[in-house]
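Spelled out, the chains give:
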Amino acid sequence: MPTYEYQCDSCRRVFEIRQRISEPPLTTCDTCGGRVRRLLSAAPFILKGNGWYVTDYPSESRKKALESEKSASSAKSASPSHVA
């Protein structure tokens, strides 16, 4: 459910309220009874963990390339190295 920010034209109070998208916007302040208007606010963007990278959602061709890189690197590490 989205959070909307409102400001009262009478008392200048700014408040947030969680509303369904289908609900009509508020029209009156519950504190003073004045007219309220919905404010435009930035959408929240939260990164959790290590963040988001372009490679988090690779295309099919990128997935195939990553698999072939893993196979090649594991084959190299599995072969014995001869040091003279």
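Residues numbered from 1 in each chain as written. Predicted model: local features only at pLDDT ≥ 70, side-chain atom pairs only at ≥ 80, totals over all residues. Heavy atoms only, no water.

1. Some words on the overall build of the protein
Okay, so step 1: Across its full length, the protein carries one helix and three strands.
Okay, so step 2: Listing the helices and strands of the protein from first to last along the sequence gives β-β-β-α.
Okay, so step 3: The contacts of the protein with a sequence gap of at least 6 include a subset with a gap of at least 24, amounting to 32%.
Okay, so step 4: Carbon together with sulfur atoms contributes 56% to the accessible area of the protein, which is approximately 7300 Å² in total. (Helix = DSSP H or I, 4+ residues; strand = E, 2+ residues; numbered from the N terminus. Contact = heavy atoms within 4.5 Å. Areas by Shrake-Rupley, 256 points an atom, 1.4 Å probe, with all protein chains shown as cover.)

2. Things to note about the side chain of Gln7
Okay, so step 1: Checked against the element boundaries, Gln7 lands in strand 1 (residues 3-8).
Okay, so step 2: Since its relative accessible area comes to 13%, Gln7 is described here as buried. (Buried < 20%, exposed > 50% of the residue type's maximum accessible area, 1.4 Å probe, protein only.)

3. Thoughts on unusual backbone geometry
Okay, so step 1: Of note, Arg12 is a non-glycine position whose phi angle comes to about 65 degrees, a positive value.
Okay, so step 2: Assignment of secondary structure puts Arg12 in the loop between strand 1 and strand 2 (14-18).

4. Overview of the nonpolar core
Okay, so step 1: The biggest cluster of nonpolar side chains holds six residues, and these are Tyr4, Tyr6, Cys8, Phe15, Cys29 and Val36.
Okay, so step 2: Here this core gets three residues from one element, more than from any other, and that element is strand 1.
Okay, so step 3: Discounting chain neighbours no more than four positions away, the residues touching Cys29 are Cys8, Cys11, Arg13, Gly34 and Val36. (Core = buried A, V, L, I, M, F, W, Y, C linked by side-chain atoms within 4.5 Å.)

5. Re the side chain of Gln19
Okay, so step 1: Among the secondary structure elements, Gln19 is positioned in the loop between strand 2 and strand 3 (36-39).
Okay, so step 2: Reaching out from Gln19, the side chain makes a polar contact with the side chain of Tyr6 at a distance of 2.8 Å.
Okay, so step 3: Excluding residues within four positions of it along the chain, Gln19 makes contact with Met1, Pro2, Tyr4, Tyr6, Pro24, Pro25 and Leu26. (Polar contact = N/O pair within 3.5 Å; in protein donor to acceptor, adjacent residues only side chain to side chain.)

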